[in-house]
Amino acid sequence: MEKKRKVLETQLPSVVPSVKISRRRMLGGAAALGLVLVQDSFGKIIQEAQPLFDVPKDPTKRLGVPPGILGTRSPYEQPGKLPSLTSSRTPLQDLFGTITPADLHFERNHGGVPAIDPTNYELVIHGMVEKAMRFTLHDLKRFPSFTRTCFIECSGNFRSGNTNLSPQEICGLTSQSEWTGVMLSTLFREVGADSKATWFLAEGNDAAVMTRSIPMAKAYEDAMLVYAQNGEALRPEQGYPVRLLLPGWEGNTQVKWIRRIEIADQPFMTREETSKYTENIAGGKIRQFSFLMDARSIITFPSYPLQIEKGWVEIRGIAWTGRGKITQVEVSTDEGRNWKQAVLQEPVLSKAHTAFRLLWYWDGRQTIIKSRAIDETGYYQPSYQELVTARESKGGYHFNPITAWEVKKDGTIWLVNDR
């Protein structure tokens, strides 16, 4: 059994590293515990608490850890993504501000995360161009760089059905980063893109060979090929070494691990834009190429599974839209009968998560709180029933309903479905 356990500890990642603590050191302070994956005598994988480090009663009486190569989180802070077979969700309720730490950025892939050697990386641009060209990672970094902050959101970012869902579970397939790279328009000018071209194909270097057709107009508006995120190289899960960034558009179009761009005068009708990533609308029709992510908001505090106390509560959350800037977020604390304007955290950026807040006095009575976003085009975030009527379906892609939370008399918070 001991041999099996040692093997597992070398193969399976632990939440935090375990270290040996002497009895003397244990007596000198309190031991913080970390979780390690081990195998019990029945062969079942379980989590076991093990000493992580000791906390002295008086930290001024002992030298701390010296400077290291990489910074670390406090072992007392353990935020994590919620994984499934094809995605993992950002813990929106655990974050502060609007920038998502790179290791907590949501994931969505169709063939796993590929391992790519950056020294062998190449991007080919061909088709309706004056000269087809290959670009290495070094080549791309030689072009003038550009940095912007914006969100990315999966078009299937909606869950409901249970009252015990957190913001992470409801719409945790959105995250925000500062991205750095080269404008795609710069590269299109380099290869001499034909003025008659109207679409381009973006192809990924993953096992799914993800491909999407993108209008050329988006390339000249604000599309980027990015190689850095939050000041460091892209994480592999986010497309290392290079991904396509299309601010405000659905995540599936923003092809990761991009290896090829073909310029043409018509869409390519790939699997991901015909049989997938299309949605039903009223009248028995199917909507295709619905690139834009509509305005949305969610209250992240208070939310499930928190419990609040009677008195003043600062309602907090985030709002975003692919159409530009959020201009207003309204919050209701009386089941939607009345709405108050929340304060937006400056600066309000285009196509970016915007933090909002509203001070509320909870008198201890049961109620429902919710928020709705309005963007600079005048678009109002719809209710669940409005979306169901328009789509004749109860979910799917581009489903961005108002999220409502019920505050019980005991202060517990629960998701309200279908409201």
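A. Inspection of the confidence of the model for the protein chain at higher detail. Per-residue confidence for the protein chain gives a mean pLDDT of 90; residues scoring 70 or more make up 87%. pLDDT under 50 marks residues 1-29. Its contacts with residues more than four places away, or in other chains, come to 48 contacts.

B. Region of the structure containing the sheet that holds strand β23 (residues 354-362). Strand order in this open sheet of four strands is β18-β19-β23-β22, and the pairing throughout is antiparallel. With partners counted over all chains shown, the strands left at the sheet margins are β18 (296-301) and β22 (343-344), one partner each. Sheet topology places β22 next to β23; two bridges connect them, and they run antiparallel. Counted as the bridge partner of Val343 is Arg357 from β23.

C. Structural detail: the pattern of salt bridges. A full pass over the atoms with the stated rule returns 24 salt bridges. For the salt bridge of Glu203 with Arg260, the shortest nitrogen-to-oxygen distance reads 3.0 Å. Placement of the pair is Glu203 in strand β10 (residues 199-204) and Arg260 in strand β15 (residues 258-264), with a sequence separation of 57 residues. Given the relative accessible area of 10%, Glu203 is considered buried. Close ionic contact of Glu330 with Arg372 constitutes a salt bridge, the shortest N to O distance being 2.5 Å. Separated by 42 residues along the polypeptide, Glu330 in strand β20 (residues 326-332) and Arg372 in strand β24 (residues 367-375) bring together distant segments of the chain.

D. Just a nonpolar patch on the surface, in detail. There is a patch of nonpolar side chains on the surface, built from Trp312, Leu359 and Tyr361 and spanning about 400 Å² of accessible area. Relative to the helices and strands, Leu359 is located in strand β23. For Leu359, a relative accessible area of 58% corresponds to the exposed category.

E. The packing of aromatic side chains, seen in detail. Applying the stated criterion to the full structure yields twelve aromatic pairs. When the ring of Trp312 is compared with that of Tyr361, the centres are 5.2 Å apart and the planes differ by 75°; the resulting orientation is edge-to-face. In this pair, Trp312 sits in strand β19 (residues 311-320) while Tyr361 sits in strand β23, placing the two residues 49 residues apart along the sequence. Note that Lys141 overlies the ring of Tyr227, its terminal NZ or CZ placed 5.6 Å from the centroid.

F. Layout of the side chain of Asn157. Tracing the backbone through its elements, the reader meets Asn157 in the loop between β8 (146-153) and α4 (167-171). A residue is classified by how much of its surface remains accessible, and Asn157, at 2% relative accessible area, is buried. A polar side-chain atom of Asn157 sits 3.4 Å from the main-chain amide nitrogen of Gly172. Those residues in contact with Asn157, other than ones at most four positions away along the chain, are Arg89, Ile170, Cys171, Gly172, Leu173, Thr174, Arg296 and Phe399.

G. Representation of the nonpolar core in the model. Counting 35 residues, the largest nonpolar core has Leu184, Leu187 and Phe200 as its most contacted members. Looking at this core, the elements with two or more residues in it are β6 (122-127), α3 (137-142), α5 (184-191), β10, α6 (216-221), β12 (224-229) and β15. Core analysis: the next-biggest nonpolar cluster, separate from the first, contains 32 residues, Leu92, Ala319, Val331 and Trp362 among them.

H. Focus on helix α7 (residues 384-391). Turning to α7, its buried residues number three or more, namely Tyr384, Leu387, Val388 and Arg391. Projection of α7 onto a plane perpendicular to its axis shows the buried side chains occupying an angular sector of 100°, all on one side. Lining the buried residues of α7 we find β16 (279-281) and β17 (285-287). Following α7 by one or two positions, Glu392 adopts a phi angle in the positive range, close to 60°.

I. Focus on α5. Counting buried residues in α5 gives six out of eight residues, a clear majority hidden from the surface. Of all the residues in α5, the buried ones are Leu184, Ser185, Thr186, Leu187, Phe188 and Val191. Positive phi shows up at Gly192, right after α5, with a value of about 75°.

J. Fine view of the sheet that holds strand β11 (residues 211-215). Read across the sheet, five strands follow the order β7-β6-β15-β10-β11 without closing on themselves; strand pairing throughout is mixed. Each of the sheet's edge strands pairs with one partner strand only, and the pair in question is β7 (133-136) and β11. When the angles between neighbouring strand axes are averaged without regard to direction, this sheet yields 20°. Sheet topology places β10 next to β11; five bridges connect them, and they run antiparallel. Pairing of Trp199 across the sheet is with Pro215, part of β11.

K. Structural context of the pairing of β24. Among the nine residues in β24, eight count as buried, and that is most of the element. Relative to β24, β20 runs antiparallel, the two being bridged by six bridges. Counted as the bridge partner of Ile326 is Asp375 from β24. Two elements, β24 and strand β25 (residues 404-407), share four bridges in a ladder whose sense is antiparallel. Note that in β25 the partner of Lys370 across the bridge is Ala404.

Calculation notes
- Residues numbered from 1 in each chain as written.
- Predicted model: local features only at pLDDT ≥ 70, side-chain atom pairs only at ≥ 80, totals over all residues.
- Heavy atoms only, no water.
- pLDDT = per-residue confidence, 0-100.
- Contact = heavy atoms within 4.5 Å.
- Pairing = 2+ DSSP bridges.
- Helix = DSSP H or I, 4+ residues; strand = E, 2+ residues; numbered from the N terminus.
- Salt bridge = Lys/Arg side-chain N within 4 Å of Asp/Glu carboxyl O.
- Buried < 20%, exposed > 50% of the residue type's maximum accessible area, 1.4 Å probe, protein only.
- Patch = residues over 30% accessible without salt bridge, like charges linked within 9 Å, V, L, I, M, F, W, Y side chains within 5 Å.
- Areas by Shrake-Rupley, 256 points an atom, 1.4 Å probe, with all protein chains shown as cover.
- Phe/Tyr/Trp six-rings, centres within 6.5 Å; stacked < 30°, edge-to-face > 60°.
- Lys NZ or Arg CZ within 6 Å of the ring centre and 35° of its normal.
- Polar contact = N/O pair within 3.5 Å; in protein donor to acceptor, adjacent residues only side chain to side chain.
- Core = buried A, V, L, I, M, F, W, Y, C linked by side-chain atoms within 4.5 Å.
- Arc of directions from axis to C-beta.
- Axes fitted to C-alpha atoms, helices over the stretch in contact; angles between N-to-C directions.

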